[in-house]
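Topology and contacts: notes
Listed below, chain by chain, are the residues.
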Amino acid sequence: MTDRPRIGLTTYYKEAAWGVWRRPAAIVPAVYVEGVAAAGGTPLLLPPVGSDPSVLDVLDGLVLIGGADVDAAQYAGTPHPSTAPEPVRDAPELALARAALQRGVPLLAICRGVQVLNVALGGTLDQHLPDRLGHTAYQPSPGIFGEVTFRTEPGSRIAEVLGPEAASPCYHHQGVDRVADGLVVTARSADGVVQALEPAEAPGWAVGVQFHPEENPADRRLFHALVHQATTRTTTPRRGHSHPGDGHREPMSRPAAGEERSTA
């Protein structure tokens, strides 16, 4: 490709170390960057400080990456003792999620990202799944990924990419509780936990997943799907560029918005 689609990646805002330095930094795990690049996109990192929705003017797609918990205050919740937010990320990422949907910018929201997507549209989160499930399989121990198997809804975007059933690495202790109006559940695990959300109606392609597809370099189908949509979408292109093809999706036949609710 002579003009690779530009894919924005949200970032952590953490203390980091390099050489003799240890200072606050905007960082992203390399697996996200590699996932976008391997799928044919050009990854652009978006720090939470200064990244307002105007950045979408120069992007062809967006990835909301994983990370710390969404602050419970964003959905009028009472913080659970285990909730560990990174508030500096919340406002810009919530705004980016809403703007991407409104503008039809292809969106892949991963782990924290699907939670941001749900909260951005008025949904809520289950702040500690082990309290309901009685197990910690989704986050076995610090720094150790679990694995989740899930079934997808026929006719959904995620089913088109991954088929009726798939498995992926996972690492989270929170999950979707009340599904926001305008979103529908398109994948669940056997225990009822929401594993994917999609807009019931949107001008572009958008998928939110609770698992971590970037952690499996042998299966980059979701990244390829995002980059493909970023290349072919026909909504307003970024300045100075055009993209042939039709990336528009018609609404799918699914349950009415707001009817789905996690059992987690």
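Higher on the page you've got the structure.
Residues numbered from 1 in each chain as written. Predicted model: local features only at pLDDT ≥ 70, side-chain atom pairs only at ≥ 80, totals over all residues. Heavy atoms only, no water.

This part covers empty space enclosed by the protein. Going through the model one piece at a time under the given rule, you end up with 2 cavities of 30 Å³ or more. Counted as a void, the largest cavity has a volume near 90 Å³. Lining the largest cavity are F150, L162, A166, A167, S168, P169, F211, P213, N216, D219, R221 and L222. Among the elements that take part in the lining of the largest cavity, strand β9 (residues 165-170) stands out by supplying 4 residues, more than any other. (1 Å grid on protein atoms, 1.4 Å probe; cavity = no way out; pocket = protein on both sides within 12 Å on 5 of 7 lines; lining within 4 Å. Points joined across faces, edges and corners; volume = space filled by probe spheres on them. Helix = DSSP H or I, 4+ residues; strand = E, 2+ residues; numbered from the N terminus.)

Let us look at the sheet that holds strand β5 (residues 61-64). Reading across from one edge, β4-β1-β5-β6-β13-β12-β11-β8-β9 is the order of the 9 strands in this open sheet, with mixed pairing throughout. The sheet is open, and its two edges are formed by β4 (42-46) and β9, each paired on a single side. Sheet twist, expressed as the mean angle between neighbouring strand axes with direction ignored, is 25°. In this structure, strand β11 (residues 183-189) lies alongside strand β12 (residues 194-199), joined through 5 bridges in antiparallel fashion. Residue pairing in the sheet places V185 in a bridge with L197 of β12. Sitting on the sheet, helix α1 (residues 30-38) touches β1 (6-10), β4, β5 and β6 (107-110), and the angle it makes with β4 is about 145°. Contacts from helix α3 (residues 112-120) reach β5, β6, β11, β12 and β13 (206-209), with the element oriented near 110° to β6. (Pairing = 2+ DSSP bridges. Axes fitted to C-alpha atoms, helices over the stretch in contact; angles between N-to-C directions. Contact = heavy atoms within 4.5 Å.)

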